Amino acid sequence: MLRGFYLILGFTFPGFWTFHAGGLISWLYRPLQILCRTEATGWPSFITACLIYISLIVLFEVFARAWSNMHP
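Residues numbered from 1 in each chain as written. Predicted model: local features only at pLDDT ≥ 70, side-chain atom pairs only at ≥ 80, totals over all residues. Heavy atoms only, no water.

**Digging into unusual backbone geometry**
So, step 1. Backbone geometry places Ile 25, a non-glycine residue, at a positive phi of 45 degrees.
So, step 2. Here Ile 25 lies in the loop between α1 (2-21) and α2 (30-36).
So, step 3. For Ile 25, a relative accessible area of 32% corresponds to the partly exposed category. (Helix = DSSP H or I, 4+ residues; strand = E, 2+ residues; numbered from the N terminus. Buried < 20%, exposed > 50% of the residue type's maximum accessible area, 1.4 Å probe, protein only.)

**Considering the pattern of salt bridges**
So, step 1. Applying the stated rule across the entire model yields one salt bridge.
So, step 2. A salt bridge links Arg 65 to Glu 61; its shortest N-O distance comes to 3.0 Å. Taken together, the positions of Arg 65 and Glu 61, both in helix α3 (residues 42-70) and four residues apart, correspond to about one turn of that helix.
So, step 3. Judged by relative accessible area, Arg 65 falls into the exposed class, the value being 55%. (Salt bridge = Lys/Arg side-chain N within 4 Å of Asp/Glu carboxyl O.)

**Focus: the environment of Thr 12**
So, step 1. For Thr 12, the location among the structural elements is in helix α1.
So, step 2. Judged by its relative accessible area of 35%, Thr 12 is partly exposed.
So, step 3. For Thr 12, the side chain forms a polar contact with the main-chain oxygen of Ile 8, separated by 2.9 Å. (Polar contact = N/O pair within 3.5 Å; in protein donor to acceptor, adjacent residues only side chain to side chain.)

Right, here's the structure in full:
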């Protein structure tokens, strides 16, 4: 189950980053653009896409470990 989750994340990240840089939930990287005074979308969207995927991994790991501890 864990390997499949990470495989799906690995294959979907480039596509998600492309859509994110194209404007999908662009309000997430807009503060980073304002802070750095840039109009570039590539690196700010990469940073926020990484943060989104890291948070997904952390949430999945917490729930997967809790589930495995509940059902030994």
